[in-house]
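If you want the building blocks of each chain, they are given just below.
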Amino acid sequence: MAKQVKTIGVLTSGGDAPGMNAAIRAVVRTAIQKGLGVKGIMRGYAGLLQEEIIDMNSRSVSDIIHRGGTILYTARCMEFVTAEGQEKGAEICRKHGIDGLVVIGGDGSFRGAGKLAALGINTIGVPGTIDLDIACTDYSIGFDTAVNTAMEAIDKVRDTSTSHERCSIIEVMGRNAGYIALWCGIANGAEDILLPERYDGDEQQLINRIIDNRKRGKKHNIIINAEGIGHSTSMARRIEAATGVETRATILGYMQRGGMPTCKDRVYASIMGAKAAELLYEGRSNRIVAYKNGEYVDFDIQEALQMKKDIPEDQFEISKMLSR
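What comes next concerns the included structure.

Cut-offs used in this document
The residue numbers shown here count from 1 along each chain, following its written sequence. Restriction of local features to residues with pLDDT of at least 70 applies here, the model being predicted, together with a cutoff of 80 or more for giving and counting side-chain atom pairs; totals for whole chains, interfaces and linings are based on all residues. Calculated side-chain values reflect all of the structure's heavy atoms, with hydrogen atoms and water omitted. Centres within 6.5 Å are what make two rings of Phe, Tyr or Trp a pair, Trp counting through its six-membered ring; a difference in plane orientation under 30 degrees is then read as stacked, over 60 as edge-to-face, and the rest as tilted. A run of H or I in DSSP counts as a helix once it spans at least four residues, and a run of E counts as a strand once it spans at least two, with each numbered from the N terminus. With a 1.4 Å probe rolled over the protein chains alone, any residue whose accessible area is under 20% of its type maximum counts as buried; one over 50% counts as exposed, and the rest are partly exposed. Between the N-to-C directions of two axes lies an angle of 0 to 180 degrees, each axis being a line fitted to C-alpha atoms and, for a helix, fitted only over the stretch in contact. To sort the angles, those under 35 degrees are grouped as roughly parallel, those over 145 as roughly antiparallel, those from 65 to 115 as roughly perpendicular, and the leftovers as oblique. Working rule for handedness: look at the near helix, and if it is turned counterclockwise from the far one by less than a right angle, call the crossing left-handed; if clockwise, right-handed. Any two residues having at least one pair of non-hydrogen atoms within 4.5 Å are treated as being in contact. We define a salt bridge as a contact between a side-chain nitrogen of Lys or Arg and a carboxyl oxygen of Asp or Glu at a distance within 4 Å. For two strands to pair, DSSP has to find at least two bridges joining them.

What follows deals with the packing of aromatic side chains. Summed over all chains, the structure comprises 6 aromatic pairs. On the numbers, 4.0 Å between centres and 5° between planes, the contact of Tyr 45 with Phe 80 is stacked. Of this pair, Tyr 45 sits in helix α2 (residues 44-49) while Phe 80 is found in the loop between β3 (53-56) and α3 (83-95), placing the two residues 35 residues apart along the sequence. Tyr 45 sits in the buried class, given a relative accessible area of 4%. Ring centres of Tyr 268 and Tyr 291 lie 4.9 Å apart, and the angle between their planes is 45°; on these two criteria the pair is classed as tilted. Here Tyr 268 is found in helix α9 (residues 263-281), whereas its partner Tyr 291 is found in strand β10 (residues 287-292), with 23 residues between them in sequence.

Our next topic: the packing of helix α7 (residues 203-215) against helix α8 (residues 232-243). For the pair α7 and α8, the least separation of the axes is 10 Å and the interaxial angle reads 50°. Taken together, the axes of α7 and α8 are oblique relative to one another. Regarding α7 and α8, the two cross each other, and that crossing is right-handed. Taken together, the residues of α8 that come into contact with α7 (itself represented by Glu 203, Leu 206, Ile 207, Ile 210 and Ile 211) are Met 235, Arg 238, Ile 239, Ala 242 and Thr 243.

Right, let's talk about the pattern of salt bridges for a bit. A full pass over the atoms with the stated rule returns 21 salt bridges. Between Asp 133 and Arg 175 there is a salt bridge; the shortest N-O distance is 2.7 Å. A residue pair is termed long-range when its members are at least 10 positions apart, and Asp 133 in the loop between β5 (122-127) and α5 (143-163) and Arg 175 in the loop between β6 (167-172) and α6 (179-187) qualify at 42 residues. With relative accessibility at 18%, the residue Asp 133 sits in the buried group.

Judged by pairing direction, the sheet is parallel, and its 4 strands sit side by side in the order β7-β8-β6-β9 without closing on themselves. Because the sheet does not close on itself, it has two edges, and the strands there are β7 (192-194) and β9 (247-251). With strand direction ignored, the average angle separating the axes of adjacent strands in the sheet is 20°. In the sheet, β6 pairs with β9 via 5 bridges, with the strands oriented parallel. Within β9, the position partnered with Ile 169 by the bridge is Ala 249. Across the sheet, α5 touches β6, β8 (221-226) and β9, and the angle it forms with β6 is around 165°.

Printed below as a string of structure tokens:
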């Protein structure tokens, strides 16, 4: 092995995502099976700098695979963005005998992981974000649960929208990525899907479609609006004023991050967590575990962070065709 690893740490950083607990469980149990010690780091990089570090064993992760959120908690940490914070984090790892680290989170978390790797701490990233915005992977922990949660909520809003013959604008999460919006738009049969990657801000087109749909006998409209566009409430007021159609905005918000993870999020997260622990056991560092083209692979962190990701054009075109 390039560097003998005896004890690994695991932390969750950034926004929480359903399935993170499954990944933590897999990291811990795989590492123990390989003869490694495991320490849990509470509250992400903030907890690392505060030395909130606990010993973990197989029993530490019993009965957590079905739970949403993260048993290690999570936080954002501006101090860790600085070189001084990163050097302090590496020194604390060495102080506690942590020579390998699994970081479960998103792009920001991986930048920190890359800095720790450069400072001599073997570090592996596991993509955990409901936004599905990490370019090197086709899957990230929590997306499947989040999109199913949103889909079920939108189905309920559709019922009342139909009863009142309304237009409903439903805002879903995703930061500056439109994957949750696209999937929900297709799954819920929305008339319009507003994606940060595609929307040009032309509300008049929305207004014209609503008017045309009414003329064709359609009694309600569903518009899925991505968080990266936002302003759903003011948009609803403008559309109602222009069309005369009662229009309501619903912002689903943080409910999309919660709840029991789906089977897919449990299984994929478990495999990714196990792969991360195996990479550390092999002495690997500065890698991100990914799911790409149907296989579990790993990428150099810096290479992965340079990759760009966009909404698949064919899926976007299909969504428009099916909304007619």
